[in-house]
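If you want the building blocks of each chain, they are given just below.
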Amino acid sequence: MSEALDWNAKTIAEFRANEGRVGGVFEGAPLVLVHHRGRRSGREYVNPMMYLPHETEPDIIYVFASKGGAPTNPDWYRNLIAAGVGSIERGTETYQVTVRELTGAERDRVYAEQARRYHGFADYARQTAGVRTIPVLELRRA
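No experiment lies behind these values; they were computed from the predicted model shown.

A. Expanded view of the environment of Val 136. Note on placement: Val 136 falls in strand E6 (residues 136–141). Once the C-alpha coordinates of Val 136 and Glu 106 are considered, the two residues, 30 residues apart in sequence, prove to be 9.5 Å apart. Among all residues touching Val 136, those that are not within four sequence positions of it are Tyr 62, Val 63, Phe 64, Arg 100, Glu 101, Leu 102, Arg 107, Val 110 and Tyr 111.

Okay, here's the thing in structure tokens:
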């Protein structure tokens, strides 16, 4: 198992054992497990990621395809965009979501708020400047 897959598996197990809470780099941050199907393989994948809750709508969260500041978008982003749907584990609840990519000023506002709260996201934006704009996805309870 690759180091990244091993890290994901440990994070997922900790999330599920502790009602959605984990330690380490995610300690105290809102974390969600995003389920998606491979656009070519059809295989189900699960990725832990930080999210930003919508200001007023409890059924909407935002996730960020930062890939740790890498020059390419993560596979999970391409899979969710292709499918338009997925599911999430949030705390002890699992539910279906629809997917919408934010653009323009809306995307910039949401990303800026995440970067304000969690400075690593500002670093990711600096690392990808001139290479790609980090996508922001809205996940809305279906």
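Next comes the rest of the description.
B. Focus on the layout of surface pockets. The calculated volume of the largest pocket comes to roughly 1100 Å³. Forming the walls of the largest pocket are 35 residues, and the residues nearest its centre are Asn 8, Asn 47, Pro 48, Pro 74 and Trp 76. Looking at the lining of the largest pocket, the elements that each hand over two or more residues are helix H1 (3–17), strand E2 (44–53), helix H2 (75–83) and helix H4 (120–128). Among the residues forming the lining of the largest pocket, the class breakdown is 19 nonpolar, nine polar and seven charged.

C. Spatial organisation of the sheet that holds strand E4 (residues 85–90). Taking strand neighbours around the barrel as the criterion, the six strands line up as E1-E2-E3-E6-E5-E4 in a closed arrangement whose pairing is antiparallel. Pairwise comparison of adjacent strand axes, ignoring direction, gives a mean angle of 45 degrees for this sheet. In the packing of H1 onto the sheet, the strands contacted are strand E1 (31–37), E2 and E4, and the crossing angle to E1 comes to about 120 degrees. Each of E2, strand E3 (60–64), strand E5 (93–101) and E6 touches helix H3 (residues 104–117); the most contacted strand, E2, lies at about 85 degrees to it.

D. Region of the structure containing the side chain of Glu 89. Along the chain, Glu 89 turns up in strand E4. Look at Glu 89 and you get buried, because its relative accessible area is 10%. Polar side-chain contacts of Glu 89 include one of 2.7 Å to the side chain of His 35. If we skip the residues at most four places from it in the chain, Glu 89 touches Phe 15, Arg 16, Val 32, Leu 33, His 35 and Thr 94.

E. A look at the packing of aromatic side chains. A full pass over the atoms with the stated rule returns five aromatic pairs. Three or more aromatic residues joined by ring pairs form one cluster here, namely Phe 64, Tyr 111, Phe 121 and Tyr 124.

F. Geometry of H1. Taking 1.5 Å of rise per residue, 15 residues should cover 21 Å, and H1 covers 21 Å from first to last C-alpha, within 8% of that figure. All buried positions along H1 are accounted for by Asn 8, Thr 11, Ile 12 and Phe 15. Here the buried residues of H1 occupy an arc of 100 degrees about the axis, which is enough to place them on one side. Those residues of H1 that are exposed and aimed more than 90 degrees away from the buried face are Glu 3, Lys 10 and Ala 17. Buried residues along H1 sit in contact with E1, E2 and E4. Positioned one or two residues after H1, Glu 19 has a phi angle of 55 degrees, which is positive.

G. Here's a closer look at the pattern of salt bridges. The tally for this structure, following the rule as stated, stands at 14 salt bridges. Taking the shortest distance from any N to any O, the salt bridge between Arg 107 and Asp 108 comes out at 3.1 Å. Among the residues examined, Asp 108 registers a relative accessible area of 44% and is labelled partly exposed. Here the salt bridges share partners, and the residues they tie into one network are Arg 100, Glu 106, Glu 138 and Arg 140.

H. View of the packing of H3 against H4. Between H3 and H4, whose axes approach to 6 Å, the crossing angle comes to 125 degrees. Relative to H4, the element H3 lies oblique. Where H3 abuts H4, its residues Tyr 111, Gln 114 and Ala 115 lie against Phe 121, Ala 122, Tyr 124 and Ala 125. Split into classes, the residues belonging to the contact of H3 with H4 amount to six nonpolar, one polar and no charged.

Parameters and conventions
Along each chain, residues carry numbers from 1 onward, in the same order as the chain's sequence is written. In keeping with the model being predicted, local features are shown solely for residues with a pLDDT of at least 70 and side-chain atom pairs are shown and tallied solely at 80 or more, while totals for entire chains, interfaces and linings include all residues. Note: side-chain values were computed over all heavy atoms of the structure, leaving out hydrogens and water. Each helix is a run of H or I in the DSSP string that is no shorter than four residues. Each strand is a run of E no shorter than two, and both are numbered from the N terminus. Should any heavy atoms of two residues lie within 4.5 Å, those residues are counted as being in contact. Points on a 1 Å grid over protein atoms alone make up a cavity when a 1.4 Å probe fits among them but cannot get out, and a pocket when they form an open set with protein on both sides within 12 Å along at least five of seven lines; lining residues each have an atom within 4 Å of a point. Grid points are joined across faces, edges and corners, and a volume is the space filled by probe spheres set on the points. Classes in brief: Ala, Val, Leu, Ile, Met, Phe, Trp, Tyr, Cys and Pro nonpolar; Asp, Glu, Lys and Arg charged; the others, Gly included, polar. A pair of strands is labelled paired if DSSP reports no fewer than 2 bridges between them. Structural elements are reduced to axes, namely lines fitted to C-alpha atoms, with helices fitted over the stretch in contact, and the angle between N-to-C directions of any two is expressed from 0 to 180 degrees. Exposure classes here rest on a 1.4 Å probe applied to the protein chains alone. A residue is buried below 20% of its type maximum, exposed above 50%, and partly exposed in between. In protein, a polar contact requires one atom able to donate a hydrogen and another able to accept it; more generally it is a pair of N or O atoms within 3.5 Å, and residues adjacent in sequence count only if both atoms are side-chain atoms. Any two rings among Phe, Tyr and Trp, with Trp reduced to its six-membered ring, count as a pair given centres within 6.5 Å; such a pair is stacked if its planes are under 30 degrees apart, edge-to-face if over 60, and tilted if neither. A helix is expected to reach a length of 1.5 Å times the quantity of its residues less one. Of all possible arcs, the one meant is that of the directions from the helix axis to the C-beta atoms. A pairing counts as a salt bridge when a side-chain nitrogen of Lys or Arg comes within 4 Å of a carboxyl oxygen of Asp or Glu. Our angle categories are set so that under 35 degrees counts as roughly parallel, over 145 as roughly antiparallel, 65 to 115 as roughly perpendicular, and the remainder as oblique.

Interpretation note: all reported values are geometric properties and have no functional meaning in isolation.
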